[in-house]
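Coordinate inspection notes
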Amino acid sequence: MICPKCENEYANNVEICPICLQELISEDAFELLFLRKTNWVVVYITSEIIQATMIKDILENEGINAIILNEQSSSFPIPGDLSIIKIKVREEDSDNAMKLIDQMINE
Ligand SMILES: [Zn+2]
């Protein structure tokens, strides 16, 4: 169980954080909350899922959480089923992520 305020972890039988007097939430619930309150920024856009997956792997090897968003570009005036794949990382990781992506692209 985790306190959503001070982010301390407690044993399962504890229900209230003794520091903040906040009701504790499960680790899963905390992770969802954390994802929602974190600013995710786009660091790369591609139309190839293979490239997107490669970049995600490289970032995660460096300990950077990355998410892939696949958006079908139906509103684009381009024929065919071109898709736009965005790679997002947390704002604080974006500088490092962009450096890593640059290195990868230049290799
Ligand atoms: Zn607390």
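All figures in this text were calculated on a predicted structure; none of them were measured in a lab.

A cluster of nonpolar side chains, Ile49, Ile50 and Met54, forms an exposed patch at the surface whose accessible area comes to about 310 Å². By secondary structure assignment, the location of Ile49 is in helix 2 (residues 49-61). A relative accessible area of 44% means that Ile49 is categorised as partly exposed.

Quick look at the coordination of the zinc ion now. Within the protein, the zinc ion binds to Cys3 (SG), Cys6 (SG), Cys17 (SG) and Cys20 (SG); these donor distances fall in the range 2.2 to 2.3 Å. Geometry at the zinc ion is tetrahedral, judged from the 4 donor atoms that bind it and their angles of 104 to 112° at the metal. Accessibility expressed as a relative area gives 0% for Cys3, which makes it buried. According to the relative accessible area criterion, Cys20 is partly exposed, its value standing at 22%.

In this section: helix 2. With 13 residues, helix 2 extends 18 Å from end C-alpha to end C-alpha; this agrees with the ideal 18 Å at 1.5 Å per step. Residues Gln51, Ala52, Ile55 and Leu59 constitute the buried set of helix 2. Down the axis of helix 2, the buried set is contained in an arc of 100°. They therefore lie on one face. Away from its buried face, by an angle of more than 90 degrees, helix 2 presents the exposed residues Ile50 and Asn61.

Pairing between side chains becomes possible if they bear opposite charge and their charged atoms approach one another. Following the criterion strictly, the structure yields 3 salt bridges and no others. Glu92 is the salt-bridge partner of Arg90, the closest N and O atoms lying 3.6 Å from each other. Given a relative accessible area of 13%, Arg90 falls into the buried group. With a relative accessible area of 58%, Glu92 lands in the exposed category. With a shortest N-O distance of 3.4 Å, Arg90 and Asp93 are connected by a salt bridge.

Procedures and definitions
Residues numbered from 1 in each chain as written. Predicted model: local features only at pLDDT ≥ 70, side-chain atom pairs only at ≥ 80, totals over all residues. Heavy atoms only, no water. Patch = residues over 30% accessible without salt bridge, like charges linked within 9 Å, V, L, I, M, F, W, Y side chains within 5 Å. Areas by Shrake-Rupley, 256 points an atom, 1.4 Å probe, with all protein chains shown as cover. Salt bridge = Lys/Arg side-chain N within 4 Å of Asp/Glu carboxyl O. Helix = DSSP H or I, 4+ residues; strand = E, 2+ residues; numbered from the N terminus. Buried < 20%, exposed > 50% of the residue type's maximum accessible area, 1.4 Å probe, protein only. Donors = N, O, S within 2.8 Å, 3.2 Å for Na, K, Ca; no water. Tetrahedral: all angles 85-135°; square planar, octahedral: opposite > 155°, others 65-115°. Expected span 1.5 Å × (residues − 1). Arc of directions from axis to C-beta.

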